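Coordinates in review
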Amino acid sequence: MGRYGTILSALVMAAIFTFAIGAHTKASAADSGGQKEGWRSQYDWVGEFHEDRAVAMKNGEWFHVLRDGKPAYDARYEQVGEFSEGRAAVKKNGTWSYISYDGKSDRNGQYYYAGKFLEGRAAVHKNGEGYHIRLLDESPAYEERYDYVGEFSEGRALVRKCAILIFINLDGERVEK
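Residues numbered from 1 in each chain as written. Predicted model: local features only at pLDDT ≥ 70, side-chain atom pairs only at ≥ 80, totals over all residues. Heavy atoms only, no water.

Digging into the sheet that holds strand β9 (residues 129-134)
To summarise the sheet geometry, strands pair through backbone hydrogen bonds and adopt either a parallel or an antiparallel arrangement. Pairing within the open sheet is antiparallel, and its three strands lie in the order β7-β8-β9. What marks the edges here is a single partner per strand, and that holds for β7 (113-114) and β9. With six bridges joining them, strand β8 (residues 121-126) and β9 adopt antiparallel strand pairing. Paired with K126 across the two strands is E129, which belongs to β9. (Pairing = 2+ DSSP bridges. Helix = DSSP H or I, 4+ residues; strand = E, 2+ residues; numbered from the N terminus.)

What to know about the environment of R87
Positionally, R87 belongs in the loop between β4 (79-80) and β5 (88-92). Taking the relative accessible area as the measure of exposure, R87 reaches 12% and is therefore buried. Taking C-alpha positions, R87 is 6.8 Å from Y101, a pair spaced 14 residues apart along the chain. (Buried < 20%, exposed > 50% of the residue type's maximum accessible area, 1.4 Å probe, protein only.)

Focus on the sheet that holds strand β11 (residues 156-161)
The antiparallel open sheet is built from four strands, whose spatial order is β10-β11-β12-β13. For this open sheet the edge positions go to β10 (148-149) and β13 (174-175), each flanked by a neighbour on one side alone.

What to know about the pairing of β8
When you tally the buried positions in β8, you get five out of six residues, the bulk of the element. Pairing of β7 with β8 involves two bridges; the strand directions are antiparallel. The partner of Y113 across the bridge, within β8, is H125. From the end of β7 to the start of β8, which pair antiparallel, there are six residues, and E119 there has a positive phi angle of about 55°. What sits between the antiparallel neighbours β8 and β9 is a turn of two residues, in which N127 has the positive phi angle 55°.

Comments concerning the pattern of salt bridges
Inspection of the entire model under this criterion finds three salt bridges. The closest approach of N and O atoms between K116 and E82, which form a salt bridge, is 3.8 Å. Placement of K116 in the loop between β7 and β8 and of E82 in the loop between β4 and β5 is noted, with a sequence separation of 34 residues between them. Owing to a relative accessible area of 31%, K116 belongs among the partly exposed residues under this scheme. The exposure class of E82 is partly exposed, given its relative accessible area of 22%. The partner of K161 in a salt bridge is E144, and the shortest N-O contact between them spans 2.3 Å. Residue K161 is found in strand β11, and its partner E144 is found in the loop between β9 and β10; the two are separated by 17 residues along the sequence. Judged by its relative accessible area of 34%, K161 falls in the partly exposed class. (Salt bridge = Lys/Arg side-chain N within 4 Å of Asp/Glu carboxyl O.)

A few points about the pairing of strand β6 (residues 95-99)
Extensive coverage of β6 is indicated by the burial of four of its five residues. Pairing geometry for β5 and β6, over five bridges, is antiparallel. Counted as the bridge partner of A89 is Y98 from β6. Adjacent in sequence and paired antiparallel, β5 and β6 are bridged by two residues, among which N93 carries a positive phi angle near 55°.

A short note on the side chain of R53
Here R53 lies in strand β2 (residues 53-58). Buried charge without a salt bridge: R53, with D52 as the nearest opposite-charge side chain at an N-O distance of 5.3 Å. Among the polar contacts listed, one links the side chain of R53 to the backbone oxygen of E51, at a separation of 3.1 Å. Beyond its immediate chain neighbours, meaning those up to four positions away, R53 contacts E48, H64, V65, L66, A72, F83 and Y101. (Lys, Arg positive; Asp, Glu negative; His and termini not counted. Polar contact = N/O pair within 3.5 Å; in protein donor to acceptor, adjacent residues only side chain to side chain. Contact = heavy atoms within 4.5 Å.)

This is how it looks when you write it as structure tokens:
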């Protein structure tokens, strides 16, 4: 892939992430049960809850909060994603990795981009190549590398290589729509 293809892929991934973050508005003062959550005002921004944790931001630092408004862990990040399948993508020092509910990472992925886990796989980008990793050990789910990899849904994900779009299954094998 040429220089412009790499730049275009990076811009598309950034736009998707920005849309996902921008799609949320500052959370309301009531939860789905209608009870007041006065603690929200202590943060600059609070997202929706996923797996009993919400993305929060205060003074430009990102982290997750529990339903009582307390931070889920001590670490702070440049950006964080929603929890899905017990993991959340976090960005620190310009690169992405994954944390568990307690904020600890037992691996240091150092990805250029890290998506959320769905169906036991997450889309990542590293060294100019996109692929999916497994939830259990963050190992590559298959050997092939792509210019773009989408999230899994119903056992398949959209991938792109050299302007050709195809669907793959959880093992990276090509499948029909």
